[in-house]
Amino acid sequence: MFTAFLRSVLAEPRAPQPPARAWWDWVLVGALLVTAAGEAVLRPDLEMRPLAAAVALLVIPVLLWRRTHPLPATAVGFGGAMVLLLPTILGDADEVGLNTMAAVLLLPYALYRWASGPEALVGTAVVAVPAGLGLAASGSLGDVVGGTTVLVASFALGAAMRYRAVARQREVQQVRTLERGELARELHDTVAHHVSAIAIQAQAGRAVAATDPASAVEALAVIEAEASRTLYEMRTMVRVLRAVDGGDGGPADYAPQRGVGDLDELGRMSPTVRVHRAGDLDGLPQPVDTAVYRICQESVTNAIRHALNATAVTVEVTGDVGVVRLRVHDDGEAARPTTPMGYGLLGMAERAKLLGGTFEAGPDPAGGWTVDATLPRDVPR
C-alpha cells in the first residue's frame, strides 16, 4: 500500500496554471519588509541583530515566487530558518530571529498547493530538518505541540486546496464532456436527417426530370426547404454556443426545440413514412418531448438510408400512464450491422438513458428493423 501511495505521489504533476504575482503579493512582501526592518531596529531583546535582519530581508522577498517556484522558495525560506537556528543549537544565543519570519509558514502551504509530487517530497524533508531541530531545541512541550500543529495545518491546508482545485477541474471536464456529447447528438440528428432528405429528393428529382418536370420542380422545392432549415438550425446552434451571458451583445437566442407536435414533418422525407400518435401526449416535459422527436427522426433517417426494398416506415408514439412509448418499424431487409454501434444508434440510446428510459434497436423477428424506446414522463433530477 505504501509503495502504491509513493508511486502516486511521484507521478503527481505540478498544479496547472499557478496565478501570476498579483498586486497584493507585492503589498504583502512590502509590508513584511517594513515590519522586519522596524522589528530589527526597535526590538530591544533581539540577539545577533545584523544576522537576523539580513536573513529576514533575504527570505521575505522569496515569497513572491512561492507559487511559480515552490521548492526553491521553500529551500531558501527554511534554509534561512536553519541559519538562524544554528546559534541556538551551538549554544551561542538563546533565540535568534525576527517574529516576522513566521511568514515562512506560507511556503509549506504553497509547496503542497502548487509543487509536483517529487518536489513536495523533497520540500517536506527541507522543512522537516529546521522545524524538527527548532522544536526540539525549544525545550517546551507546549511549543512542540503548538509548533507542530501550525506546521501540519499549513501543509494540510495546501493539500486540501489542491484537492479542491483538482476536483473542481474534474467536474468542469465532466460537464464539458456531457456538453460535447449533447452537441454531437444534436448535430448528428439535425444534419444527418436534413442531408438525407436532400439526398433522397435529389435522387428522385433526377429520376423524373426527363419525364415529369413538375415532380422535379417539387423535389427541388423540398431540397431548398431542407437546406434552409439545416442552415437555420446550424446557425441557431452556433449562436447559442457563442453566446456566454450575453457576451456577444445580447442573450442567447434559443430556438424552440422540436417535439411530438412536429412528427408529421418526418413524412416529407419519403412517401413511405407514416406517423401515428395515440394516448395522452400533452404537457410533456421539454427534454422528453425533444427526445421523442429526435429518436423518431434518427430512426426514420436510418430506415430510409439503410433499409433495402422498404415499402413502409411506421412511426408510432403512444402516451401511457407515466411513460411515453415510441416504435419505429420498417419492412425492408434489415441489412444494417448492429456492431459496432453507429453514432445514430449511440445517440438515441444516450438520449433514452439520460432520461431514465430504455432503448432497443435491431432486426424484427417478423421482418424489417424496429426501434423501441420507453421514456418516463417525469424528468429525473
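Residues numbered from 1 in each chain as written. Predicted model: local features only at pLDDT ≥ 70, side-chain atom pairs only at ≥ 80, totals over all residues. Heavy atoms only, no water.

A.B. asks: For this particular structure, what's the right way to read the confidence of the model for the protein?
C.D. replies: Predicted coordinates in regions of low pLDDT should not be interpreted in detail. This prediction gives the protein a mean pLDDT of 82; 88% of its residues lie at or above 70. Ranking the elements of the protein by mean pLDDT puts helix α8 (residues 213-242) last with 74 and strand β3 (residues 323-330) first with 94. Of the regions scoring below 50 in pLDDT, residues 244-254 engages in nine contacts with residues more than four places distant in sequence or in other chains. (pLDDT = per-residue confidence, 0-100. Helix = DSSP H or I, 4+ residues; strand = E, 2+ residues; numbered from the N terminus. Contact = heavy atoms within 4.5 Å.)

A.B. asks: For this particular structure, what's the right way to read the nonpolar core?
C.D. replies: Nonpolar side chains tend toward joint burial in soluble globular proteins. Grouped together as the largest cluster of nonpolar side chains are 32 residues, with contacts concentrated most on Val-292, Cys-296, Val-300, Val-317 and Phe-359. Of all the secondary structure elements, the ones that give two or more residues to this core are α9 (286-306), β2 (313-319), β3, α10 (343-354) and β5 (369-376). Per-element accounting of this core gives the leading share, nine residues, to α9. In this view, Val-292 contacts Val-260, Val-317, Val-324, Leu-326 and Leu-375; residues no more than four positions away in its chain are not counted. The next biggest cluster of nonpolar side chains, apart from the first, holds 30 residues, and it includes Leu-46, Val-96, Val-104 and Ala-131. (Core = buried A, V, L, I, M, F, W, Y, C linked by side-chain atoms within 4.5 Å. Buried < 20%, exposed > 50% of the residue type's maximum accessible area, 1.4 Å probe, protein only.)

A.B. asks: Looking at this structure, how should I read the environment of Ala-137?
C.D. replies: Mapping Ala-137 onto the fold places it in helix α6 (residues 117-138). The exposure class assigned to Ala-137 is partly exposed, which follows from its relative accessible area of 42%. Counting along the chain gives 48 residues from Ala-137 to Ile-89, while the straight-line C-alpha distance between them is 7.0 Å.

A.B. asks: I would appreciate a short explanation of the sheet that holds strand β4 (residues 358-363) in the present structure.
C.D. replies: Think of a sheet as strands paired side by side through backbone hydrogen bonds, with each pair either parallel or antiparallel. Spatially, five strands are ordered β1-β2-β3-β5-β4 in an open sheet, and the strand pairing comes out mixed. Only two strands of the sheet have a single neighbouring strand rather than two, namely β1 (273-279) and β4. Strand-to-strand twist of the sheet, defined as the mean angle between neighbouring strand axes without regard to direction, takes the value 10°. Across six bridges, β4 lies against β5 in antiparallel orientation. Opposite Gly-362, over in β5, you have Thr-370 as the bridge partner. Its contacts with the sheet place α9 against β1, β2, β3, β4 and β5, and it is angled at close to 10° to β3. α10 rests against β4 and β5 of the sheet, and its axis sits at about 150° to β4. (Pairing = 2+ DSSP bridges. Axes fitted to C-alpha atoms, helices over the stretch in contact; angles between N-to-C directions.)

A.B. asks: For this particular structure, what's the right way to read the packing of aromatic side chains?
C.D. replies: By convention here, two paired aromatic rings are described through the distance between centres and the angle between planes. Across all of its chains, the model carries one aromatic pair by this definition. Over the face of the ring belonging to Trp-114 we find Arg-113, whose NZ or CZ atom lies 3.9 Å from the ring centre. (Phe/Tyr/Trp six-rings, centres within 6.5 Å; stacked < 30°, edge-to-face > 60°. Lys NZ or Arg CZ within 6 Å of the ring centre and 35° of its normal.)

A.B. asks: Looking at this model, I keep getting lost on the environment of Gly-362. Mind explaining?
C.D. replies: Topologically, Gly-362 is positioned in strand β4. Gly-362 sits in the buried class, given a relative accessible area of 11%. In this structure, the C-alpha to C-alpha distance between Gly-362 and Asp-372, residues 10 residues apart in sequence, is 9.1 Å. If near-sequence neighbours (up to four positions away) are discounted, Gly-362 is found in contact with Trp-369 and Thr-370.

A.B. asks: Even after reading the chapter, I still don't get unusual backbone geometry, so can you show me in this structure?
C.D. replies: Note on backbone geometry: most residues besides glycine have negative phi, and most peptide bonds are trans. Although it is not a glycine, Met-48 adopts a positive phi angle of roughly 50°. Among the structural elements, Met-48 can be located in the loop between α2 (23-42) and α3 (49-59). Residue class for Met-48 comes out partly exposed when judged on its relative accessible area of 34%.

A.B. asks: Would you mind going over the side chain of Asp-364 with me for this structure?
C.D. replies: Topologically, Asp-364 is positioned in the loop between β4 and β5. For Asp-364, the side chain forms a polar contact with the side chain of Arg-327, separated by 3.3 Å. (Polar contact = N/O pair within 3.5 Å; in protein donor to acceptor, adjacent residues only side chain to side chain.)

A.B. asks: Sorry if this is basic, but what is going on with the pairing of β1 here?
C.D. replies: Within a regular strand, the side chains alternate between the two sheet faces. Both β1 and β2 contribute to a ladder of seven bridges, which runs parallel. Its bridge partner being in β2, Gly-279 is matched across the sheet by Gly-319. Taken together, β1, α9 and β2 constitute a β-α-β crossover, and its handedness is left-handed. (Right-handed = clockwise from strand over helix to strand, strands pointing away.)

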